[in-house]
Amino acid sequence: NIFYLDSPVSIEDYANRAKELGHQILSTCNHGFQGNFLNTWLVAQKHNLKFVFAVEAYWVKDRLALVDGNQRDKTNAHIVLIAKDEIGRRQITAALSEANDTGYYYRPRLDLSLLMSLDPAHVMVTTACVAFWGYGLRETENIVLTLWRKFGDSFYLEVQAHKMEEQKRINSFILSLSRKY
């Protein structure tokens, strides 16, 4: 990762551990860009593991809009995009490229229009970590509904087992959304 290292463990070490545990998949999911996915794909091939392309991207409601007339939205919420196939990988790569060209503000940021350009037949979406909820729970609920309506069975609400109070509060909200919709 050109900004910071997501993990100090090498892809080769992950592949060895995956095989040791009987796993059949190797993936990368770096923050903000797709990382060195070709290297990961080559390591997966070497270890006879299926490669899954993913990214934990940054998103805002509108990557082009100015807030208060002179600055951009600094929210940079997180979202995970997972390719189901090569078409999905190419779609995610194209969306991230556009985010770098037109949505870059501290980080390359996707927005709802770029997310809606992805095809649910080829891309899965998850709500990622607590940073997905950067606009607040209630305001983000409408965004969750928009994503769910677009991606259907390819959209996941992600609950994480961190013991911090914010995570517990968000997990409770996520479960309520799941039951409600």
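Analysis parameters
- Residues numbered from 1 in each chain as written.
- Predicted model: local features only at pLDDT ≥ 70, side-chain atom pairs only at ≥ 80, totals over all residues.
- Heavy atoms only, no water.
- Helix = DSSP H or I, 4+ residues; strand = E, 2+ residues; numbered from the N terminus.
- Rg over C-alpha atoms; globule rule 2.2 N^0.38 Å.
- Buried < 20%, exposed > 50% of the residue type's maximum accessible area, 1.4 Å probe, protein only.
- Contact = heavy atoms within 4.5 Å.
- Lys, Arg positive; Asp, Glu negative; His and termini not counted.
- Charge placed at Lys NZ, Arg CZ, Asp CG, Glu CD.
- Phe/Tyr/Trp six-rings, centres within 6.5 Å; stacked < 30°, edge-to-face > 60°.
- Lys NZ or Arg CZ within 6 Å of the ring centre and 35° of its normal.
- Core = buried A, V, L, I, M, F, W, Y, C linked by side-chain atoms within 4.5 Å.
- Disulfide = S-S within 2.5 Å.
- Arc of directions from axis to C-beta.
- Polar contact = N/O pair within 3.5 Å; in protein donor to acceptor, adjacent residues only side chain to side chain.

A.B. asks: Can you explain the overall build of the chain? Please cite residues and give values.
C.D. replies: Per the secondary structure count, the chain includes 6 helices and 8 strands. Shown N-terminal to C-terminal, the secondary structure of the chain runs as helices and strands in the order α-β-α-β-β-β-β-α-β-α-β-α-β-α. What you see for the chain is a C-alpha radius of gyration of 17 Å, in line with the 16 Å of a compact globule of 181 residues. Along the first, second and third principal axes, the C-alpha atoms of the chain reach 50 × 35 × 30 Å. For the chain, the proportion of its 181 residues judged to be buried stands at 44%. Across the chain, the fraction of contacts at a sequence separation of at least 24, relative to all contacts at a separation of at least 6, is 73%. Each charge class in the chain was averaged separately, 21 positive and 20 negative side chains, and the resulting centres sit 3 Å apart.

A.B. asks: I'd like a description of the packing of aromatic side chains, backed by residues and values.
C.D. replies: All told, the structure shown has 6 aromatic pairs when counted by the stated rule. Ring centres 5.8 Å apart and planes at 90° place the aromatic pair Trp133 and Phe173 in the edge-to-face group. Here Trp133 is found in the loop between β7 (123-126) and α5 (137-151), whereas its partner Phe173 is found in helix α6 (residues 165-180), with 40 residues between them in sequence. Here the aromatic residues Trp59, Phe132, Trp133, Tyr135 and Phe173 are joined through ring pairs into a cluster of three or more. Directly above the ring of Phe53 sits Arg89, whose terminal nitrogen or CZ lies 6.0 Å from the centroid.

A.B. asks: Account for the nonpolar core, with residues named and values stated.
C.D. replies: Ranked by internal contacts, the top residues of the largest apolar core, which has 42 residues, are Trp59, Leu81, Ile92, Leu110, Leu115 and Trp133. Beyond its immediate chain neighbours, meaning those up to four positions away, Leu81 contacts Phe53, Ala54, Val55, Ala57, Ile92, Leu110, Leu115, Leu118, Met124 and Val125. Counting residues in each nonpolar core, the second largest holds 5 residues, with Val52, Ala54, Val80 and Ala128 among its members.

A.B. asks: So what about the state of the cysteines? Which residues, and what values?
C.D. replies: By definition, a disulfide links two cysteine residues through a covalent bond between their sulfur atoms. Taken as a whole and judged by the stated rule, the model has 0 disulfides. No disulfide involves Cys29; its sulfur sits 9.9 Å from that of Cys129, the nearest cysteine.

A.B. asks: Residues and numbers for helix α1 (residues 11-20), please.
C.D. replies: Inspection of α1 places Ile11, Ala15 and Ala18 among the buried residues, and these make up the whole buried set. The arc that holds the buried residues of α1, viewed along the axis, is 65°, so those residues lie on one side. The elements touched by buried residues of α1 are β1 (25-31) and α2 (37-46).

A.B. asks: For the side chain of Glu141, give the residues involved together with the corresponding values.
C.D. replies: Here Glu141 is to be found in helix α5. Overall, the relative accessible area of 7% leaves Glu141 in the buried class. For Glu141, the side chain forms a polar contact with the side chain of Tyr181, separated by 2.6 Å. Every residue in contact with Glu141, bar those within four places of it in the chain, is listed here: Phe173, Leu177, Lys180 and Tyr181.

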